[in-house]
Number of protein chains: 2
Amino acid sequence: MCKVNIYITLKEAVLDPQGKAISQSLKDLDYDGVNDVRVGKYMQVELENRENAEQKIEEMCRRLLANPVIEDYTYTIEEVV
Amino acid sequence: MCKVNIYITLKEAVLDPQGKAISQSLKDLDYDGVNDVRVGKYMQVELENRENAEQKIEEMCRRLLANPVIEDYTYTIEEVV
């Protein structure tokens with residue numbers, strides 16, 4: 001069994017209105033010094049076995065989990081015994 | 001300046017319908033061996049200075065970024081020179 005953590009973020013060039021709204025809300029709450037906020041997704045996927053996990057996860061990200069046109073993704077895999 | 005990565009996840013006991021939907025979609029796409037999917041948020045916050053960053057981020061999470069009733073959060077802070 002293995003646990004995969006997937007981090008999906010908007011590409012640099014893509015505007016992030018949700019992040020902007022959070023940034024503004026933090027300023028309204030008197031937090032100064034917040035330069036930028038960007039919001040992405042964090043997925044925890046549990047796979048039955050470790051075999052070919054990289055390849056499977058890559059494919060899942062491209063086909064379903066992320067939108068490769070506007071999003072980047074990275075992941076880490078940890079084996080669970 | 002420092003970059004903070006915040007990971008917000010639903011608490012273990014809270015149902016995750018979005019994760020269930022993704023899990024089912026992966027099965028429909030013929031990916032076997034997916035035991036579980038849980039979806040959370042990933043925020044990248046850029047702070048002007050490193051001072052008291054832990055304390056500020058904790059407070060931001062509790063007041064705005066996360067819902068402590070149903071969500072857990074963790075974060076990492078990396079200094080940028």
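Sequence order as written defines residue numbering, which begins from 1 separately in each chain. Note on labels: chains are lettered from A, ligands numbered from 1, in written order. At least 70 in pLDDT is required for a residue's local features to be given in this predicted model, at least 80 for side-chain atom pairs to be given and counted, and no such filter applies to totals for whole chains, interfaces and linings, which use all residues. The basis for every side-chain value is the complete set of heavy atoms in the structure, and neither hydrogens nor water enter the calculation.

Named according to an unreviewed UniProt entry, chain A is Phosphoribosylformylglycinamidine synthase subunit PurS originating from Salimicrobium flavidum. UniProt positions are given in the numbering used here, feature names are shortened, and annotations may be inferred rather than shown by experiment. We quote the UniProt Sequence similarities (unreviewed entry) comment for chain A here in full: "Belongs to the PurS family." According to UniProt, the comment filed for chain A under the heading Pathway (unreviewed entry) is "Purine metabolism; IMP biosynthesis via de novo pathway; 5-amino-1-(5-phospho-D-ribosyl)imidazole from N(2)-formyl-N(1)-(5-phospho-D-ribosyl)glycinamide: step 1/2."

Once that is clear, we can look at the pairing of strand S1 (residues 2–10) of chain A. Residues and elements named next belong to chain A. Working definition: with a 1.4 Å probe on protein chains only, accessible area under 20% of the residue-type maximum means buried, over 50% means exposed, and in between means partly exposed. Per the convention used, a helix needs a DSSP run of H or I reaching at least four residues, while a strand needs a run of E reaching at least two, with both numbered from the N terminus. With seven of its nine residues buried, S1 lies for the most part within the structure. A pair of strands is labelled paired if DSSP reports no fewer than 2 bridges between them. Across seven bridges, S1 lies against strand S2 (residues 34–47) in antiparallel orientation. Bridged to Tyr 7 within S2 is Tyr 42. Sheet topology places S1 next to strand S3 (residues 71–79); nine bridges connect them, and they run antiparallel. Its bridge partner being in S3, Ile 6 is matched across the sheet by Tyr 75.

Turning to the relation of the copies chain B and chain A, a few remarks are in order. A residue counts toward the fit only if its pLDDT is at least 70 in both copies, and the copies are then superposed by least squares on the C-alpha atoms of those residues. Once chain B is rotated about the relating axis by 180 degrees and shifted along it by 0.0 Å, it coincides with chain A to within an RMSD of 0.0 Å. Both copies of the chain, as the preceding transformation shows, are related through a two-fold rotation axis. For chain B, the smallest separation between a C-alpha atom and the rotation axis is recorded for Lys41(B), amounting to 2.3 Å. When checking whether two residues touch, look at their non-hydrogen atoms; a contact exists if any pair is within 4.5 Å. Looking at the interface residues of chain B, 100% of them are also at the interface in chain A, so both copies use one shared face.

Right, let's talk about the sheet that holds strand S2 (residues 34–47) of chain B for a bit. A sheet is described by the order of its strands in space; here six strands give the open sequence S3(A)-S1(A)-S2(A)-S2(B)-S1(B)-S3(B), paired in antiparallel fashion. What marks the edges here is a single partner per strand, and that holds for S3 of chain A together with strand S3 (71–79) of chain B. The average undirected angle you get between the axes of adjacent strands in this sheet is 20 degrees. Convention adopted: a line fitted to C-alpha atoms gives each axis, helices being fitted over their contacting stretch, and angles between N-to-C directions are expressed from 0 to 180 degrees.

With that settled, consider helix H1 (residues 17–28) of chain B. Every helix has an expected span of 1.5 Å times one less than the residues it contains. Taking 1.5 Å per residue as the helical rise, H1(B) with its 12 residues ought to reach 16 Å, and the 16 Å between its terminal C-alpha atoms agrees with that figure. Summarising the contacts, the buried residues of H1(B) are in contact with S2 and helix H2 (53–65) of chain A together with S2 of chain B. Phi for Asp30(B), located one or two positions after H1(B), is positive at around 70 degrees.

Viewed as axis vectors pointing N to C, H2(A) and H1(B) meet at an angle of 110 degrees, and their least axial separation amounts to 11 Å. In terms of orientation, H2(A) and H1(B) fall into the roughly perpendicular class. Seen from H2(A), the contacting residues are Met60(A), Leu64(A) and Leu65(A); seen from H1(B), they are Ile22(B), Ser25(B) and Leu26(B). Only Asp, Glu, Lys and Arg are considered charged, only Ala, Val, Leu, Ile, Met, Phe, Trp, Tyr, Cys and Pro nonpolar, and every remaining residue, Gly among them, polar. Residue classes in the contact of H2(A) with H1(B) are distributed as five nonpolar, one polar and no charged. For classification, angles of less than 35 degrees are called roughly parallel, those exceeding 145 degrees roughly antiparallel, those between 65 and 115 degrees roughly perpendicular, and all remaining angles oblique.

It is worth spelling out the packing of aromatic side chains at this point. Here the aromatic set is Phe, Tyr and Trp, taking the six-membered ring for Trp, and pairing holds for ring centres within 6.5 Å; pairs whose planes are under 30 degrees apart are stacked, those over 60 apart are edge-to-face, and all others are tilted. Counted under the stated rule, the structure contains five aromatic pairs over all chains. Judged by centre distance (5.5 Å) and plane angle (55 degrees), the rings of Tyr42(A) and Tyr7(B) are tilted. Linking Tyr42(A) in strand S2 with Tyr7(B) in strand S1 (residues 2–10), this pair reaches from one chain into another. With respect to burial, Tyr42(A) and Tyr7(B) carry one shared label: buried. Three or more aromatic residues joined by ring pairs make a cluster, and in this case those are Tyr7(A), Tyr42(A), Tyr7(B) and Tyr42(B).

The next subject is the interface of chain B and chain A. Often, the extent of an interface is quoted as the loss of accessible area upon association of its parts. Listed per partner, the contact involves 31 residues of chain B and 31 residues of chain A. In this description, buried area is defined as the sum, over both parts, of the accessible area (probe of 1.4 Å) that is lost when the two are combined. In total, about 2900 Å² of surface goes out of reach between chain B and chain A, with carbon and sulfur atoms giving 61% of it. On the chain B side of the interface with chain A, the three residues burying the most area are Tyr31(B), Asn35(B) and Tyr42(B), jointly 20% of the side's total. The rule for a salt bridge is simple: a side-chain nitrogen of Lys or Arg has to be within 4 Å of a carboxyl oxygen of Asp or Glu. In this assembly, chain B and chain A are joined by zero salt bridges. A 3.5 Å cut-off defines polar contacts: any pair of N or O atoms within that distance qualifies, except that in protein one atom must be a possible hydrogen donor and the other a possible acceptor, and neighbouring residues in sequence count only when both atoms are side-chain atoms. In this structure, the connection of chain B to chain A is made through 14 residue pairs in polar contact (both at pLDDT 80 or more). Listing elements by their share of the side of chain B that touches chain A, those giving two or more residues are S1, H1, S2 and helix H2 (53–65) of chain B. Examining the composition of the side of chain B that touches chain A, we find that 14 residues originate from one element, S2(B), more than from any other. Split into classes, the residues belonging to the side of chain B that touches chain A amount to 17 nonpolar, six polar and eight charged. Of the strand pairs in this sheet, S2(A) and S2(B) are connected by 13 bridges, and their pairing is antiparallel. Looking across to S2(B), one finds that Gly40(A) is bridged to Tyr42(B).

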